[in-house]
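# Tertiary structure, described
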Amino acid sequence: MTRRRGIRRSAAMAVALGLGLGGSLATGPAAAEGAPAAPPGTPAAAPKWGDCPEDVVAEAAPTVLECATVSVPVDYTDPDRAEIGLMISRLASTKPERRRGTLMLNPGGPGGSGLSQPAFLVSMGLPASVLDTYDLIGMDTRGIGRSAPVTCGLTLDGPYFANVPPYAVDDAAVTAQAKVVKKVAEQCAAKDTDGLLRHVTTANVARDLDRIREALGEKKTSFLGYSYGTALGAAYASMFPGRSDRMVLDSVIGDTHLDPEGMRRYALGVEQTFPDFARWAAARHGSYGLGRTPAQVRRTYLDLATRLDGAPVDGVTGVQFRQLTFAFLYKEVRYPQLAQQWQALKSGDAASVRAAGPPEGAADTPAGLDNSLSVFLAVTCNDIDWPEKVGVYRKAVAENRKRYPLFGAAASNINPCAFWPYAPAEPPVPVDDDGPRNILLVQNVRDVPTPYAGAKELRKKFADRSRLLSVEDSGHGSYLLGENPCGLNTTTRYLVEGKLPKKDTFCRAG
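Attention here is on the structure that accompanies the text. For clarity, every value in this text was computed on a predicted model and none was experimentally measured.

Moving on, we get to the environment of Glu-483. With respect to the element layout, Glu-483 can be found in the loop between strand S11 (466-474) and helix H18 (485-497). C-alpha separation for the pair Glu-483 and Ala-509, spaced 26 residues apart in sequence, amounts to 8.9 Å. Setting aside chain neighbours within four positions, we find Glu-483 in contact with Asp-473 and Gly-510.

Here we come to the nonpolar core. Counting residues in each nonpolar core, the largest one holds 124 residues, and the members touching the most others are Phe-274, Phe-277, Trp-342 and Trp-420. With eleven residues, the top contributor of residues to this core is helix H8 (residues 260-282). In this structure, Phe-274 is in contact with Val-297, Arg-298, Tyr-301, Leu-329, Trp-342 and Leu-406, ignoring residues within four places of it in sequence. In this structure, Val-56, Cys-67, Leu-440 and Leu-500 belong to the second largest nonpolar core, which totals 30 residues.

Once that is clear, we can look at the packing of helix H11 (residues 318-328) against helix H12 (residues 335-347). Where H11 meets H12, the closest approach of the two axes is 9 Å, and the angle between their N-to-C directions is 165°. Here H11 is positioned roughly antiparallel relative to H12, judged by the angle of their axes. Where H11 crosses over H12, the handedness of that crossing is left-handed. Contact residues: Phe-321, Leu-324, Thr-325 and Phe-328 in H11; Tyr-335, Gln-337, Leu-338, Gln-341, Trp-342 and Leu-345 in H12. A per-class count over the contact of H11 with H12 returns seven nonpolar, three polar and no charged.

Right, let's talk about the packing of aromatic side chains for a bit. Following the criterion strictly, the structure yields 16 aromatic pairs and no others. Between Phe-321 and Trp-342, the aromatic rings sit 5.5 Å apart at their centres with planes inclined by 50°, giving tilted as the arrangement. Of this pair, Phe-321 sits in helix H11 while Trp-342 sits in helix H12, placing them 21 residues apart in sequence. Here the two residues Phe-321 and Trp-342 agree in accessibility, since each one is buried. Counting every residue linked through ring pairs, the aromatic cluster contains Phe-274, Phe-277, Trp-280, Tyr-288, Tyr-301, Phe-321, Tyr-335 and Trp-342. The ring of Tyr-167 carries the charged tip of Arg-322 above its face, separated from the ring centre by 3.7 Å.

The rules we used
- Residues numbered from 1 in each chain as written.
- Predicted model: local features only at pLDDT ≥ 70, side-chain atom pairs only at ≥ 80, totals over all residues.
- Heavy atoms only, no water.
- Helix = DSSP H or I, 4+ residues; strand = E, 2+ residues; numbered from the N terminus.
- Contact = heavy atoms within 4.5 Å.
- Core = buried A, V, L, I, M, F, W, Y, C linked by side-chain atoms within 4.5 Å.
- Buried < 20%, exposed > 50% of the residue type's maximum accessible area, 1.4 Å probe, protein only.
- Axes fitted to C-alpha atoms, helices over the stretch in contact; angles between N-to-C directions.
- Parallel < 35°, antiparallel > 145°, perpendicular 65-115°, else oblique.
- Left-handed = near helix turned anticlockwise from the far one by under 90°.
- Nonpolar A, V, L, I, M, F, W, Y, C, P; charged D, E, K, R; others polar.
- Phe/Tyr/Trp six-rings, centres within 6.5 Å; stacked < 30°, edge-to-face > 60°.
- Lys NZ or Arg CZ within 6 Å of the ring centre and 35° of its normal.

On their own, these measurements won't tell you what the molecule is for.
So, in structure tokens, the structure goes:
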């Protein structure tokens, strides 16, 4: 395995999903226009539970899950034309006297498989009180895994291997990337032989959730979504306010969809989170030699990235170095490996760089990479109409290269949505602030792909329907994925007892 491939593999495994973790009564008037909010026609049939596929069983072990399939329309404007099957999983409550209902789960992405997510949360220490209160429902949402998977035919060897755009060192790099992503968009269209790709949207996935709720025989459903799952949960709570029960949205995008502004916030997240790594690395200068102070570590990053732009080491470029750093800032547990990679690249020695990479026997392509990338593009590009002119992206890159030196020229770079073959079938789901007060927004104050600003934005949009639980922590994902006791206890209390904080709450580190 070449070092270049090793860097790609490491970065792709961490950020291929873009925004992923792990491993998501009368219809309200605010449903997106252009398609009905609720599935018309024949009611959804009750699922027939059975054994899960072998790979799901292996991934979930030792937890035992049940799996089933629920049929949903491909196109909710024409529900009788064609259907697809969505695979769902269940970890049922064993305490019927305490059971409240269902807790639907989404790990994010868009593009993350969620069939094993109930077991993943158990492995992360999900309290017994939550397990008693709910049947945990995982799923592969439309287009993912075992739910009519879509493909663009993308590979790790190709020029497009992650949904986080590459850093553009100048205008010419934006122009060059435009040619790459234009071909990706054309490739996606060519692979869409069954016409499903254009129907993979957040609004349709929210409609699917309601179809699953109906099939399960529940009047309402609760929801726990991470990262992109917060956009899905916000869409469901807005389209079906009377059918939403206790909603927990963790690591918040800021709306019901990802748009250019949301993607540009990646750069803000890097600027806010990088100091945590810089302090960590400075305290370990004797081991890694990256700088005695946080300021020196930052300078090492900027100097090394520039040096690799001009003279790659064993095929590793400045673009790949920045991409890897972005990915490994997600959680502190990644810091040692990130420091090791920096140290090897800083040495300029090809043998050291190869020694710090993945083992030779490691798989070249993360399982489901193409499917994950393809779903991310389908949802992101179908949800909203992105700017088409390359000059818009060149201007944004130039501005954000100065504003956010660490990663601004990546987060603002052009992506396949600029050339997407399908126009959005409907406007993005508008946030509905007229509904039950049942939305808990959980947010670490330092988070790379979903910075704190997004949580504050969605709190403002949902107004009194929501409360914001701010957690003094760093990293992507808080509930069960962090170590803050206040954040854990407050979220568990809401899920189990329904006690939403009376006001926005700040959980100090501890």
